[in-house]
Amino acid sequence: MTNNEQLERLLMHLGEMKSLTEEICEKEIYPVSFFSRAFDLTNQMQDDLHRMEIAQIALFERQMKEHQAQILSVSRTDKQPEAYDPVPPPTPEPADEKNAMPPPYGNATRFPIPPPPVRESLLQPTRKPTIGKSENSLNERIEKKNLSDLRKAFTLNDRFHYCRELFGGDENVMNRTIAELNEKDSYNASVAYLKERFNWNFEDEIVAGFVFLLEKRFA
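Examining the packing of aromatic side chains
Line of reasoning, step 1. A complete count under the given rule lists 13 aromatic pairs for this structure.
Line of reasoning, step 2. Ring geometry for Trp 200 against Phe 202: centres 6.3 Å apart, planes inclined by 45°, an arrangement best described as tilted.
Line of reasoning, step 3. Classification of Trp 200 as buried rests on a relative accessible area of 14%.
Line of reasoning, step 4. Aromatic ring contacts, followed pair by pair, group Phe 154, Tyr 162, Phe 167, Phe 198, Trp 200, Phe 202 and Phe 210 into a single cluster.
Line of reasoning, step 5. The aromatic ring of Phe 202 is capped on one face by Lys 195, whose charged end is 5.4 Å from the ring centroid.

In structure tokens form, the structure reads like this:
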């Protein structure tokens, strides 16, 4: 799907959302069908925006690679090998045995010069920095702190999805349930509360996703 087609699809969804909103402006009680269709349009627009974002990122990366390849090709053509004439090393003059100075201590091979001492600090292994480990532990503490309040574990799309599928579109019921779960001090107590309160199929994929957030909270 081209960019223009994606934009037209997004404009179509926005137009339908506008029409739905205009239809209920004069009504005191909104029909259930309005919320159902509005949630569907919201999810479709989020999916469209996500696909457009991925396509734009891929296009940007491709243009950057092409730009880098052009820069490399230009820099290679600009580099020319430098011409130089190698200078031969000087020819050593023959030693004059008569004028040669004797070694200060006779034969030098009898008094070899000892090697310099090796410092102890050079023999010790270099310690590796532990920055990465501290950063990982800091991130884990931050994530665990955020999950202490279950409300922060849900994205906007999650709230729409679970509210519609698990709580019958009643956001007040969902908020009260999350507030009650925040008071639970263990994963087992949270699951027991849900089983007592709701008649859910805990093998269902949507319920499993909701329960997975509880499991992460107490991990």
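Comments concerning the pattern of salt bridges
Line of reasoning, step 1. This structure, assessed with the given rule, holds 6 salt bridges.
Line of reasoning, step 2. A salt bridge links Arg 37 to Glu 16; the nearest nitrogen and oxygen atoms lie 2.8 Å apart. In this pair, Arg 37 is assigned in helix H2 (residues 32-78) and Glu 16 in helix H1 (residues 3-23), connecting sequence segments 21 residues apart.
Line of reasoning, step 3. For Arg 37, a relative accessible area of 27% gives the class partly exposed.
Line of reasoning, step 4. Given a relative accessible area of 29%, Glu 16 falls into the partly exposed group.

Observations regarding the confidence of the model for the protein
Line of reasoning, step 1. When pLDDT is averaged along the protein, the result is 76, and 67% of the positions lie at 70 or above.
Line of reasoning, step 2. Within the model, the stretch residues 105-111 combines pLDDT values under 50 with 2 contacts to residues more than four positions away or in other chains.
Line of reasoning, step 3. Long-range and interchain partners of residues 125-136, a stretch whose pLDDT sits below 50, account for 0 contacts in this model, where long-range means more than four residues apart.

Observations regarding helix H8 (residues 205-217)
Line of reasoning, step 1. Given a rise of 1.5 Å per residue, 13 residues ought to cover 18 Å, and the 19 Å separating the end C-alpha atoms of H8 matches this to within 8%.
Line of reasoning, step 2. Buried residues of H8: Val 207, Phe 210, Val 211, Leu 213, Leu 214 and Arg 217, and no others. Here the buried residues of H8 occupy an arc of 140° about the axis, which is enough to place them on one side.
Line of reasoning, step 3. Between the side-chain oxygen at the start of H8 and the backbone nitrogen of Ile 206 there is a gap of 3.0 Å, and the oxygen is on Asp 204.

Observations concerning the nonpolar core
Line of reasoning, step 1. Counting residues in hydrophobic clusters, the biggest one holds 21 residues, and the most contacted among them are Leu 150, Phe 167, Leu 194, Trp 200 and Phe 210.
Line of reasoning, step 2. The set of elements that each furnish at least two residues to this core consists of helix H5 (156-166), helix H6 (171-182), helix H7 (187-197) and H8.
Line of reasoning, step 3. If you tally residues by element for this core, the top one is H8, at 5 residues.
Line of reasoning, step 4. Excluding its chain neighbours within four sequence positions, the residues that come into contact with Leu 194 are Thr 177, Leu 181, Trp 200, Phe 202, Phe 210 and Leu 214.
Line of reasoning, step 5. Leu 10, Ile 24, Phe 34 and Met 52 belong to the second-largest nonpolar core, a separate cluster that totals 9 residues.

Description of the packing of H6 against H7
Line of reasoning, step 1. The contact between H6 and H7 brings their axes to 10 Å, and the two run at 145°. Between H6 and H7 lies a crossing of right-handed hand. Packed against H6, whose contacting residues are Thr 177, Glu 180 and Leu 181, the element H7 presents Ser 190, Tyr 193, Leu 194 and Arg 197 at the interface.
Line of reasoning, step 2. Per-class residue counts for the contact of H6 with H7 are 3 nonpolar, 2 polar and 2 charged.

What counts and what doesn't
Residues numbered from 1 in each chain as written. Predicted model: local features only at pLDDT ≥ 70, side-chain atom pairs only at ≥ 80, totals over all residues. Heavy atoms only, no water. Phe/Tyr/Trp six-rings, centres within 6.5 Å; stacked < 30°, edge-to-face > 60°. Buried < 20%, exposed > 50% of the residue type's maximum accessible area, 1.4 Å probe, protein only. Lys NZ or Arg CZ within 6 Å of the ring centre and 35° of its normal. Salt bridge = Lys/Arg side-chain N within 4 Å of Asp/Glu carboxyl O. Helix = DSSP H or I, 4+ residues; strand = E, 2+ residues; numbered from the N terminus. pLDDT = per-residue confidence, 0-100. Contact = heavy atoms within 4.5 Å. Expected span 1.5 Å × (residues − 1). Arc of directions from axis to C-beta. Polar contact = N/O pair within 3.5 Å; in protein donor to acceptor, adjacent residues only side chain to side chain. Core = buried A, V, L, I, M, F, W, Y, C linked by side-chain atoms within 4.5 Å. Axes fitted to C-alpha atoms, helices over the stretch in contact; angles between N-to-C directions. Left-handed = near helix turned anticlockwise from the far one by under 90°. Nonpolar A, V, L, I, M, F, W, Y, C, P; charged D, E, K, R; others polar.

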